[in-house]
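Architecture and fold: a report
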Amino acid sequence: MKKVLSYIAYVLAYGFWYAMSLLPMCVLYVFSDALYLLVGRVVKYRHKVIWKNLKESFPEKDEAELQRIECDFYRYFCDYLVETIKLMTMSRRELRKRMVFTGTDQMNVLLEKGVSCAVYLGHYGNWELITSLPLWVSEKGQCCQVYHVLENERFDKLFKQVREKQGSICIPMAETLRRIIDFRQKKQPIVIGYISDQAPFWNNIHHWLPFLNHDTPVLTGSERIIKKTQQAVFYGDVSRISRGHYRCNMQLITTEPEKYKDWEITDEYFKRLEKTIQRQPELYLWSHKRWKRTHEEFNLRYDPETGRVSLDPLDEIIRKKAKE
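A brief look at the structure comes next. (Residues numbered from 1 in each chain as written. Predicted model: local features only at pLDDT ≥ 70, side-chain atom pairs only at ≥ 80, totals over all residues. Heavy atoms only, no water.)

**Remarks on the overall build of the protein chain**
What counts, and what does not: Numbering of helices and strands runs from the N terminus; a helix is a DSSP stretch of H or I covering at least four residues, while a strand is a stretch of E covering at least two. C-alpha atoms define the radius of gyration in this analysis, and the globule rule sets the expected value at 2.2 Å times the number of residues to the power 0.38. The buried label goes to any residue with under 20% of its type's maximum accessible area, the exposed label to any with over 50%, and the partly exposed label to all in between, with areas taken from a 1.4 Å probe on protein chains only. All accessible-area figures derive from a Shrake-Rupley calculation using a 1.4 Å probe, and residue coverage is judged against the displayed protein chains alone. Positive residues here are Lys and Arg, negative ones are Asp and Glu, while His and the chain termini are left out of the count. The location of each charge is read from NZ of Lys, CZ of Arg, CG of Asp or CD of Glu.
Regarding its fold elements, the protein chain presents 12 helices and 11 strands. For a compact globule of 324 residues, the expected C-alpha radius of gyration is about 20 Å, and the protein chain comes in at 21 Å, within 12% of that figure. Considering only C-alpha atoms, the protein chain reaches an extent of 65 × 55 × 50 Å along its principal axes. In the protein chain, buried positions account for 48% of the 324 residues. Of the roughly 17,200 Å² of accessible surface on the protein chain, a fraction of 54% belongs to carbon and sulfur atoms. One finds the centroid of the 51 positive side-chain charges in the protein chain at a distance of 5 Å from the centroid of its 41 negative side-chain charges.

As structure tokens, then:
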């Protein structure tokens, strides 16, 4: 019965998404404007999380400026939703107009030499449109993106269909290294995107750095994979030129990642991402609980003798330490 209901939900979701995607962008933006009034004015979706993130990230800004950023974020977020809907049936010609890539010449030179490339990205701008990168790079390179697998298999399949429409391949996070090694063995250069600004789980925290006025735990797995597989490293600097039109400038960081000390590439990525966010702060995903894990709590959970991080409830950890 669950499988039947899941299939029905998939068919309905696919049909709705497809039908909506056939509408012209001007009509979809009318839906976005209406959605903004509901989400940003009436419901105020995740207002407490957004406001806390903004206030802590920009202590130098007054309340009026923060309110403007929050308002602009809601507008952008609604645009992001309808633009992603349109992605299902958007033509290649329109995609090339709406997401313009620059700096890909350097990337193409490397791909022609058989060198694979890593692209660091953030939850900034419409990251779903980055899946159009195959329209801009050499055919010698296979574009890929690391992603979180959805629990519902049918909806996971639906999102993969949309993201892979332009020739890019979705790689589940747990399979990243194995799949990259498979490509290397076949002597197939790749361009792989890492969206690496998520909050890591407690037991995956190995590095902290200053980011947007926070002491921030960061993912380091991307850097380890990049070094192990010797990928040239780029940063995708995204900006919104006008409504529905973006530019992604591929900035080369290094072609020799193995020469960098541990976490230096990760540090450089977050420095560049911070500059991008400060330029157009409303385009960042402020509704995400990015700083839900603090250094103070990590220190309580971390056992320096074993090098392990306890995943027990925090109050239980505190009680145990009080007895010691």
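The discussion continues.
**Thoughts on helix 8 (residues 176-185)**
The criterion, for reference: Note that the arc is defined by the directions from the helix axis to the C-beta atoms. Residue contacts are counted whenever heavy atoms from the two residues lie within 4.5 Å of one another.
Within helix 8 the residues assigned to the buried category are Thr176, Ile180 and Phe183. Around the axis of helix 8, the buried residues are gathered within 55° of arc, so they sit on the same side. Against the buried residues of helix 8 lie strand 3 (142-147), strand 4 (169-172), strand 5 (190-195) and helix 9 (221-229). Looking one or two places after helix 8, you find Lys187, whose phi comes out positive at around 55°.

**Details of the packing of helix 3 (residues 47-57) against helix 4 (residues 63-86)**
Rule in force here: With axes taken as lines fitted to C-alpha atoms, and helix axes fitted only over the stretch in contact, angles between N-to-C directions fall between 0 and 180 degrees. Orientation is classified from the angle alone, with under 35 degrees giving roughly parallel, over 145 giving roughly antiparallel, 65 to 115 giving roughly perpendicular, and any other angle giving oblique. By the definition used in this description, the sense in which the near helix is turned from the far one sets the handedness, with an anticlockwise turn below a right angle giving left-handed and a clockwise turn giving right-handed. The nonpolar class holds Ala, Val, Leu, Ile, Met, Phe, Trp, Tyr, Cys and Pro. Asp, Glu, Lys and Arg form the charged class, and all remaining residues, Gly among them, are polar.
Relative to each other, helix 3 and helix 4 sit at 130°, their axes nearing to 10 Å. The angle between the axes of helix 3 and helix 4 places the two elements in the oblique class. Handedness of the crossing formed by helix 3 with helix 4: right-handed. Residues His47, Ile50, Trp51, Leu54 and Lys55 of helix 3 pack against Glu63, Leu66, Gln67, Ile69, Glu70, Phe73 and Tyr74 of helix 4. Class assignment of the residues belonging to the contact of helix 3 with helix 4 gives a composition of 7 nonpolar, 2 polar and 3 charged.

**A word on the pattern of salt bridges**
What counts is decided by this rule: Salt bridges are counted wherever a side-chain nitrogen of Lys or Arg sits within 4 Å of a carboxyl oxygen of Asp or Glu.
Taken as a whole and judged by the stated rule, the model has 21 salt bridges. The salt bridge involving Glu256 is made with Lys259; its shortest N-O contact spans 3.2 Å. Residue classification places Glu256 among the partly exposed positions, given a relative accessible area of 36%. In this structure, the salt-bridge partner of Lys320 is Glu316, at a minimum N-O distance of 3.5 Å. Residue Lys320 and its partner Glu316 are located together in helix 12 (residues 314-323), separated by 4 residues, close to a single helical turn.

**What to know about the sheet that holds strand 4**
Spelled out, the test is: At least two DSSP bridges between two strands are required for those strands to pair.
Strand order in the open sheet made by the 7 strands is 1-9-8-2-5-3-4, with mixed pairing throughout. Every interior strand has two partners, whereas the edge strands, strand 1 (99-102) and strand 4, have only one. Averaged over neighbouring strand pairs, the angle between their axes works out to 30° when direction is ignored.

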